[in-house]
Amino acid sequence: MDWQFVFSQALTQAIGPTMLIYALGAIGLNLQFGYTGLLNFGQAAFAAMGAYGLALSVVAWGLPFWWGIVVGLLAACVMALLLGIPTLRLRADYLAIVTIAAAEIVRRIARATVWADTTGGSDGMRGFSEPFFEMIPWARDTTWSFLFVSMDNGRLVVDFGIFMLQYSYRDTWVMVVGWALVAVILTVMAFLIHSPWGRVLKGIREDEEAVRSLGKNVFAYKMQALVLGGIIGAVAGFVFALSRANVQPDGFTTDFTFYFYVVLILGGAARIFGPVLGAALFWFLYNILAQGLIQAIQAEVVPPSVIDSTQVGPLVFFLLGLGMVLLLIFRPQGLIGNRKELMFDVR
């Protein structure tokens, strides 16, 4: 078994484009759920607004790429307002019901055959990502080397001897932009959370009535958190669509939202770096288990009568699910979370 290859593949995914998608989506949820106590079970809908807003603007309406970004962000804002206005004055479970329903409605609309000529239906949409990749500041045939990092013909390679990370020409650009977005969003969130505005959000999470008794407009603060978290979710949708050069409705199922929650809970809710740590660890564990089992089957360390390659995926998710159950039992606050941060007021 080539454990060096397994470790390298897992580490490659732990800081790669897919991890960035889930980190960004979980950062938005962290603002809503972690800091404000809003039960948003429709983060996939906000990601879909961003992805389809960009794709429709460029492909169907012929708008420039940057206008597509603006349309996607505005669509996420509008969705947050439509969901928040009728529900945020009520109990927390109303928002949960409405958001999970909204996510499925968005997916069904995008999948509907009646608008397939515009949205692409179940086949999705392509042709919107080229302007993004045309912005790459280095040439495809760029060659350079610095210490353990090199680029040859557009492929980025990080070689430390014990492991090697390799990324394609396009994945490298997605990572550069994605990590820059994560850094900017986390910096802005750190300032917001440690400001008086952020302290009000924490107060709403812990005791909404007490904050209201101090004269604060609880509804307005909740709406602001929902909108900002939705905008960050739309940014995750941009990265999701651009990294795959395709946007498809079945990529935005309710599972997408629940993976965001897994990442957030694993890293630690109401912690600035919790979503990033959770996303990196989740994808590292997923890939090291999947690649390790596949290598063990190919080397016949694990007999085919016990498990074959087609059963690896379900087994890995079972093991990760079991790990999450144990984490919630013995450390519900996550890896770097604080147990007190989970004391929500959800009346």
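For the structure given in this document, a descriptive report is provided here.

Turning to helix α9 (residues 196–206), its buried residues are Trp197, Gly198, Val200, Leu201, Gly203, Ile204 and Arg205. In this structure, the buried side of α9 is in contact with α2 (17–35), α8 (169–193), α10 (208–213) and α11 (218–244).

On to the side chain of Thr36, then. Considering the arrangement of structural elements, one finds Thr36 in the loop between α2 and α3 (43–60). At 2.8 Å, the side chain of Thr36 and the backbone oxygen of Leu31 are in polar contact.

Moving on, we get to the sheet that holds strand β1 (residues 143–146). Taken in spatial order, the four strands make up an open sheet running β1-β2-β3-β4, and their pairing is antiparallel. Of all the strands in the sheet, the pair left with one neighbour each is β1 and β4 (164–167). Neighbour-to-neighbour, the strand axes of this sheet turn through a mean angle of 15°, independent of strand direction. Relative to the sheet, α8 contacts β2 (149–152), β3 (155–159) and β4, its axis offset from that of β4 by approximately 95°.

Relative to the assigned elements, Pro137 resides in the loop between α7 (130–133) and β1. Overall, Pro137 belongs to the exposed group, its relative accessible area being 63%. Residues Pro137 and Arg107, 30 residues apart in the sequence, show an inter-C-alpha distance of 35 Å.

Moving on, we get to the pairing of β2. Of the strand pairs in this sheet, β1 and β2 are connected by four bridges, and their pairing is antiparallel. Counterpart to Trp144 in the pairing with β2 is Met151. Where β1 folds back on β2, the antiparallel hairpin that results is connected by two residues, among which Leu147 adopts a positive phi of roughly 50°. Bridging between β2 and β3 involves four bridges; their strand directions are antiparallel. Directly across from Asp152, in β3, lies its bridge partner Arg155.

What the rule picks out here adds up to 26 aromatic pairs. Between Tyr22 and Phe256, the ring centres sit 5.5 Å apart and the planes meet at 85°, which makes this aromatic pair edge-to-face. One end of the pair, Tyr22, is in helix α2; the other, Phe256, is in helix α12 (residues 254–267), and 234 residues separate them in sequence. You can call Phe256 buried: its relative accessible area is 4%. Judged by centre distance (5.1 Å) and plane angle (70°), the rings of Phe132 and Phe133 are edge-to-face. Of the two residues, Phe132 and Phe133, neither departs from the other in class, the shared state being buried. Site record: aromatic cluster; members linked through ring pairs are Tyr22, Tyr52, Phe240, Phe252, Phe256, Tyr259, Phe260, Phe282, Trp283, Tyr286 and Phe317. Lying across the ring of Phe219, Arg89 places its NZ or CZ 3.9 Å from the centre.

So, about the pairing of β4. Residues Leu165 and Tyr167 of β4 are buried on one face, while the alternating residues Met164 and Gln166, pointing to the opposite face, are not. Pairing geometry for β3 and β4, over four bridges, is antiparallel. Of the residues in β4, the one forming a bridge with Val157 is Gln166. From the end of β3 to the start of β4, which pair antiparallel, there are four residues, and Gly161 there has a positive phi angle of about 85°.

Thresholds, definitions, all that
Residues numbered from 1 in each chain as written. Predicted model: local features only at pLDDT ≥ 70, side-chain atom pairs only at ≥ 80, totals over all residues. Heavy atoms only, no water. Buried < 20%, exposed > 50% of the residue type's maximum accessible area, 1.4 Å probe, protein only. Helix = DSSP H or I, 4+ residues; strand = E, 2+ residues; numbered from the N terminus. Contact = heavy atoms within 4.5 Å. Polar contact = N/O pair within 3.5 Å; in protein donor to acceptor, adjacent residues only side chain to side chain. Pairing = 2+ DSSP bridges. Axes fitted to C-alpha atoms, helices over the stretch in contact; angles between N-to-C directions. Phe/Tyr/Trp six-rings, centres within 6.5 Å; stacked < 30°, edge-to-face > 60°. Lys NZ or Arg CZ within 6 Å of the ring centre and 35° of its normal.

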